[in-house]
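Given next are the chains, with one letter for each unit.
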Amino acid sequence: MLDLLVEYARREQLVTEPGFAPKDVRWALDFDANGQFLGVLPLGNRSDKRDPGRRFTKCPDLTQPELTSGGQTKSHFLVDTCQVVANWAKSGASEKEIRDIEAKHGYFVRLLRDASTVTPCLKPVADSLADDAVLAQIRAELSGQKASPTDKITIRVDGAFPVEDSSWHAWWQTFRRTLARQGTGSQMICLATGQTVEPARTHPKISGLSDVGGMGMGSSLIGYDKDAFQSFGLSQSENGAVSEEAAAAYRAALNHLLDRHSRRLAEAKVAHWFKDRVAADEDPLEWLESAEETEKLTAQQRARELLEAIRTGQRPDLQQNHFYALTISGAAGRAMVRDWMEGQFEELVRNINGWFDDFSVVNRDGTGLAPPPKFMAVLGSTVRELDDLAAPAVAALWRSALTAGPIPRQLVAQALARARCDILDDQAANHARFGLIKAFLVREGDTDVKPYLNEDHPSPAYHCGRLMAEYAQLQHAAQGDVGAGVVQRFYAAASATPSLVLGRLARLSQFHLNKLEPGRARYFETRIADIWARIGDRPPGALKLEEQSLFALGYYQQLAADRARKAGAAPVNSVEEESNV
């Protein structure tokens, strides 16, 4: 994974030089060439509270060990927070915090003076930032523009941003080396490049994980800060040898992927990329989630068309392409890679197409297929609130979508429980939930499960579910809406132990049949007898998860078929029939 991240950083021409990193900056202090303060400039869209401001692609950057080296309080160079640059402690700050900010501000000014030997325009700015009267004016204007002390800020001199100038780059690298701890001089094989290098003692932190368990200041992907993590007498990150250059490259790649090509799924983020660039409208993973439901059918058609184009050689550029996908979250100060997948692009398209097929299920009216659900809709169908989703289950389902693997049983059990609640509460059936149940059965090897009702399915559990649906409709035909009917009273028990319930329902059905007109009673008797014949001698006892899934699906598909018949439309019984309609 590390070598692919380094390769991605090079392909995207990201800033991989140690000591530099892209940064988003919301404000700038504007000075003229003589250091006269002109005002505070907003760099982003102020109406958008989430706007990070302007991105500078190559800002000076210090790692946490560099910031704390030598026991001296330090600041960043050219770009830091408003509280550091303007010596602006937030309201209610303790004396220690105030002293710390003063020390960082002093260090920031010192860096400007030192760098003025190669970038002269910085000296008058340093003089102004050392003037208390100017600082008071800056703080007043920052406060007036409702800047936060923690917002990033830089300086502009005579209409230009020094952070975009390269005149100080060589000075900066020389300065950084004075902060670095002396290495051991040992040479080791780099895990990212395979070259013999002196390993970096510490690695830069990954940003973008603060909303999934990480820290705002960043999380370490590789770190050995505890004795328990170290082996063979090696110190710190020598235990996972990576050169400083490769560490900066994989950090840049991960930051770029998390910022531009990732999405949050519960308490984790998934990111992906391809060996060779792929157009956005041909990215199969985008079809899983980003399209609206009304566009999903088009997405499925595009998956089939793209797969056919690859197979027939019309898209040779995609035949040799590969995909890479990782699932990552934060765990305090560490980045946790929960899953890693890679494979051929054609395989990915085939699996996404298979995902759509496996989730296809008749809509609740029985008149056609329900729209394929979004990936998040599938996850949401298993829990009451999205916050209840467990990150391991999300990662497992994401892997299932990308690799055509089995559906996690935990999610299926949760979906069955949610489906049972909806049925007992007489709520409309959730298409994503029954699509998940059907996909689970398909991927467990049940080739008799179809999107529509299959009266020839060999499982008695499936027909027990159908029978439950028929008894419910018989009662409704005989008594109308009675509130707590047979479904509310018996579905939960019947879906787990049919043999204990269906016999009682059979006896109860005789009272309902007696209340119907002979012709209608004969109709129900025929249908119920047909289903009993498919169950066999006796209903099954305790049902396993697969059988409970069949029970729920049989119940749902029987109701859908009956609704279509009741509405006067012939129920569609196959995908082929639907396509001919």
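Okay, so let's go over this structure.

What counts, and at which threshold
Residues numbered from 1 in each chain as written. Predicted model: local features only at pLDDT ≥ 70, side-chain atom pairs only at ≥ 80, totals over all residues. Heavy atoms only, no water. Salt bridge = Lys/Arg side-chain N within 4 Å of Asp/Glu carboxyl O. Helix = DSSP H or I, 4+ residues; strand = E, 2+ residues; numbered from the N terminus. Buried < 20%, exposed > 50% of the residue type's maximum accessible area, 1.4 Å probe, protein only. Patch = residues over 30% accessible without salt bridge, like charges linked within 9 Å, V, L, I, M, F, W, Y side chains within 5 Å. Areas by Shrake-Rupley, 256 points an atom, 1.4 Å probe, with all protein chains shown as cover. Lys, Arg positive; Asp, Glu negative; His and termini not counted. Charge placed at Lys NZ, Arg CZ, Asp CG, Glu CD. Pairing = 2+ DSSP bridges. Axes fitted to C-alpha atoms, helices over the stretch in contact; angles between N-to-C directions. Contact = heavy atoms within 4.5 Å.

We now examine the pattern of salt bridges. Summed over the entire model, instances satisfying the criterion amount to 33 salt bridges. In this structure, R251 and D61 form a salt bridge, with 3.5 Å as the shortest nitrogen-oxygen distance. With R251 in helix α8 (residues 244–260) and D61 in the loop between β4 (54–60) and α2 (64–68), the pair connects residues that are 190 residues apart, well separated along the chain. Taken individually, R251 and D61 each receive the classification buried, so the pair is uniform in this respect.

So, on to a negative patch on the surface. A cluster of acidic residues, D3, E7, D276 and E342, forms a negative patch on the protein surface. Among the structural elements, D276 can be located in the loop between β10 (268–274) and α9 (284–289).

Here we come to the sheet that holds strand β3 (residues 37–42). Picture the strands of a sheet paired through backbone hydrogen bonds; they go either parallel or antiparallel. The strand order across the open sheet formed by four strands is β3-β2-β6-β5, and the pairing between neighbours is mixed. This sheet does not close on itself; its edge strands, each paired only once, are β3 and β5 (80–81). By the bridge criterion, five bridges tie strand β2 (residues 27–31) to strand β6 (residues 152–157) in an arrangement that is parallel. By the bridge assignment for β6, A28 is matched with T154.

A sheet is described by the order of its strands in space; here four strands give the open sequence β9-β10-β11-β12, paired in antiparallel fashion. Sheet topology places β9 (262–265) and β12 (334–344) at the edges, where each strand pairs with a single neighbour. With strand direction ignored, the average angle separating the axes of adjacent strands in the sheet is 20°. The pairing of strand β11 (residues 322–331) with β12 spans ten bridges and is antiparallel. Directly across from I328, in β12, lies its bridge partner V337. Sheet strands in contact with helix α1 (residues 2–11) are β10, β11 and β12, and its direction is about 65° off that of β10. In the packing of helix α12 (residues 345–359) onto the sheet, contacts are made with β10, β11 and β12, and the angle to β12 comes to roughly 100°.

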